[in-house]
Amino acid sequence: TSTNSPPYTFIWDTTGLEEGVGHTLTVKAYDASENSTVSSGKWVKVSNDDPLITITNPTPEELYLKDSVLFITTTSDSGGIDYVDLFVDQILLDSDTSAPYQEPWNTALYTDGLHTLTATSYDITGRYATTSLSVTVDNTDPNNVSITNLTEGQVVSGQKIVEAWALDNFEI
């Protein structure tokens, strides 16, 4: 592409180029007498794909969370990661600009019940990817825990079935 008025610009379509591959760009300028000079090269790396991101802690297998939980993500991108935002219920918990992308999450500051952890990874070109995980916070201890079929000081012998009772806001 050629142009004859500043600023001298052109559009370079990188969409068909291989992801993560570097290229050296140069420009050549001509004057009215057809004299020319080539610029020094600028090395650039193609990154057209969105980053990949995964929440690695907590895991979906963890049914209930309590106390402090380390919220950890892993992310990658051929062009490089700029930063990662970590959210709890759409409220920013932390923004990390370098690995490891993690933050302690104090579940005691949240109500018992369902919460959504979300991580968004931004690459250096502004492309991004988001992942979420629903978790249940349970910081309430079981209550009304008691042995129901024995009395204080009762005499027992042999094998005795012991019955108990307990309540919890989720499950025992």
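Residues numbered from 1 in each chain as written. Predicted model: local features only at pLDDT ≥ 70, side-chain atom pairs only at ≥ 80, totals over all residues. Heavy atoms only, no water.

S.K.: Would you take a moment to explain the nonpolar core for this structure?
M.R.: Nonpolar side chains in soluble globular proteins tend to end up buried together. Formed by 17 residues in total, the largest nonpolar core has its most connected members in I55, F71, V84, W105, L117, A119 and V135. Not counting residues within four places of it along the chain, the set of residues in contact with I55 comprises F71, I72, T73, L117, A119, T131, S132 and L133. (Core = buried A, V, L, I, M, F, W, Y, C linked by side-chain atoms within 4.5 Å. Buried < 20%, exposed > 50% of the residue type's maximum accessible area, 1.4 Å probe, protein only. Contact = heavy atoms within 4.5 Å.)

S.K.: Looking at this structure, how should I read unusual backbone geometry?
M.R.: A negative phi holds for most residues other than glycine; trans holds for most peptide bonds. Here the bond from N57 into P58 is cis, since omega is 0 degrees, no more than 30 degrees from zero. Topologically, P58 is positioned in the loop between strand 5 (52-57) and strand 6 (64-65). Residues A99 and P100 are joined by a peptide bond in cis, for which omega reads 0 degrees. Its location among the elements puts P100 in the loop between strand 9 (91-96) and strand 10 (101-106). A positive phi angle, close to 70 degrees, is found at E34, a residue other than glycine. Of note, E34 is situated in the loop between strand 2 (28-30) and strand 3 (36-38). Of note, D67 is a non-glycine position whose phi angle comes to about 60 degrees, a positive value. Relative to the helices and strands, D67 is located in the loop between strand 6 and strand 7 (68-76). Given a relative accessible area of 45%, D67 falls into the partly exposed group. (Helix = DSSP H or I, 4+ residues; strand = E, 2+ residues; numbered from the N terminus.)

S.K.: Explain the pattern of salt bridges to me, please; I cannot follow it from the model alone.
M.R.: Between side chains of opposite charge, pairing is possible as soon as their charged atoms come close. Applying the stated criterion to the full structure yields 1 salt bridge. The salt bridge partner of D50 is R127, with a shortest N-O separation of 3.1 Å. With a gap of 77 residues between them, D50 in the loop between strand 4 (42-45) and strand 5 and R127 in the loop between strand 11 (113-123) and strand 12 (128-137) connect regions that are remote in the sequence. You can call D50 partly exposed: its relative accessible area is 41%. (Salt bridge = Lys/Arg side-chain N within 4 Å of Asp/Glu carboxyl O.)

S.K.: For this particular structure, what's the right way to read the sheet that holds strand 9?
M.R.: Consider a sheet: its strands pair through backbone hydrogen bonds, and that pairing is either parallel or antiparallel. The strand order across the open sheet built from 5 strands is 6-12-11-8-9, with neighbouring strands paired in mixed fashion. Only two strands of the sheet have a single partner each, and these edge strands are strand 6 and strand 9. As defined by bridge partners, strand 8 (residues 81-88) adjoins strand 9 across 5 bridges and the pair is classed as antiparallel. Of the residues in strand 9, the one forming a bridge with D85 is S95. (Pairing = 2+ DSSP bridges.)

S.K.: What is the right way to look at the sheet that holds strand 5 in this model?
M.R.: Taken together, the 3 strands give an open sheet; going across it, the order is 5-7-10, and neighbouring strands pair in antiparallel fashion. Strands at the two margins of the open sheet, each flanked by one partner only, are strand 5 and strand 10. Taken pair by pair, the neighbouring strands of this sheet meet at an average axis angle of 25 degrees, ignoring direction. Relative to strand 10, strand 7 runs antiparallel, the two sharing 6 bridges. Bridge assignment links V69 to a residue of strand 10, and that residue is W105. (Axes fitted to C-alpha atoms, helices over the stretch in contact; angles between N-to-C directions.)

S.K.: Honestly, the pairing of strand 11 in this entry has me stumped. Any pointers?
M.R.: Every regular strand shows the same layout, with side chains that alternate between the two sheet faces. Where burial is concerned, most of strand 11 is hidden: 9 out of the 11 residues are buried. Direction of pairing for strand 8 relative to strand 11: antiparallel, over a ladder of 7 bridges. Pairing of V84 across the sheet is with S121, part of strand 11. Bridge count between strand 11 and strand 12: 10 bridges; the pairing is antiparallel. Its bridge partner being in strand 12, T116 is matched across the sheet by S134. Here strand 11 folds back onto strand 12 in antiparallel fashion, the turn holding 4 residues, of which G126 has a positive phi close to 95 degrees.

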